[in-house]
Amino acid sequence: MALEHEADYIITAEIDLKGLNCPMPILKTKQALMKASAGDIIKVYATDPHSEIDFKAYLARTHHELLDFAIDDGVYIFLIKKI
């Protein structure tokens, strides 16, 4: 399953965090966002069942933008824009 709006964006990086449990998906995404430039778009794959809640809370706190989100066969897919 593709993200509904993925074709609207140029993805700068993809991060496969499948198999990692909290807090590692957030920490690794935070590291990637720190290295990214403003406006970069990162696609993240995670399997931690708390990913949706954790990522949405983290992005609300940091003001990075969640452009799209989907769940495909237990894989949580996030499209994040660095602000």
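Residues numbered from 1 in each chain as written. Predicted model: local features only at pLDDT ≥ 70, side-chain atom pairs only at ≥ 80, totals over all residues. Heavy atoms only, no water.

**Student:** For this particular structure, what's the right way to read helix 2 (residues 51-62)?
**Tutor:** Because the α-helix completes a turn every 3.6 residues, residues three or four places apart line up on one side. The terminal C-alpha atoms of helix 2 lie 16 Å apart, and with twelve residues this matches the ideal 16 Å at 1.5 Å per residue to within 8%. Those residues of helix 2 that sit buried are S51, F55, Y58 and L59. All buried residues of helix 2 project into a common sector of 95° when viewed along the axis, lining one side. When the buried face of helix 2 is taken as reference, the exposed residues oriented beyond 90 degrees from it are I53, A60 and R61. Just beyond helix 2, the residue with positive phi is H63, at close to 70°. (Helix = DSSP H or I, 4+ residues; strand = E, 2+ residues; numbered from the N terminus. Expected span 1.5 Å × (residues − 1). Buried < 20%, exposed > 50% of the residue type's maximum accessible area, 1.4 Å probe, protein only. Arc of directions from axis to C-beta.)

**Student:** Is there a simple way to explain the sheet that holds strand 4 (residues 75-81) in this structure?
**Tutor:** In sheet architecture, strand pairing relies on hydrogen bonds along the backbone and comes in two forms, parallel and antiparallel. On the basis of which strands lie adjacent, the open sheet formed by four strands has the order 1-2-4-3 and mixed pairing. Strands at the two margins of the open sheet, each flanked by one partner only, are strand 1 (13-17) and strand 3 (65-72). Geometrically, the sheet is characterised by an average inter-axis angle of 15° between neighbouring strands, direction not taken into account. Lying on the sheet, helix 1 (residues 24-35) is in contact with strand 1, strand 2 (41-46) and strand 4; it crosses strand 1 at an angle near 160°. Contacting strand 2, strand 3 and strand 4, helix 2 crosses the sheet at an angle of about 10° to strand 4. (Pairing = 2+ DSSP bridges. Axes fitted to C-alpha atoms, helices over the stretch in contact; angles between N-to-C directions. Contact = heavy atoms within 4.5 Å.)

**Student:** Got a minute to help me understand the pattern of salt bridges in this structure?
**Tutor:** Two side chains with opposite charge may pair up if their charged atoms get near one another. In this structure the tally under the stated criterion is three salt bridges. Taking the shortest distance from any N to any O, the salt bridge between K43 and E6 comes out at 2.8 Å. Within this pair, whereas K43 is found in strand 2, its partner E6 is found in the segment before strand 1, the two being separated by 37 residues in sequence. Exposure class is identical for K43 and E6. Each is buried. (Salt bridge = Lys/Arg side-chain N within 4 Å of Asp/Glu carboxyl O.)

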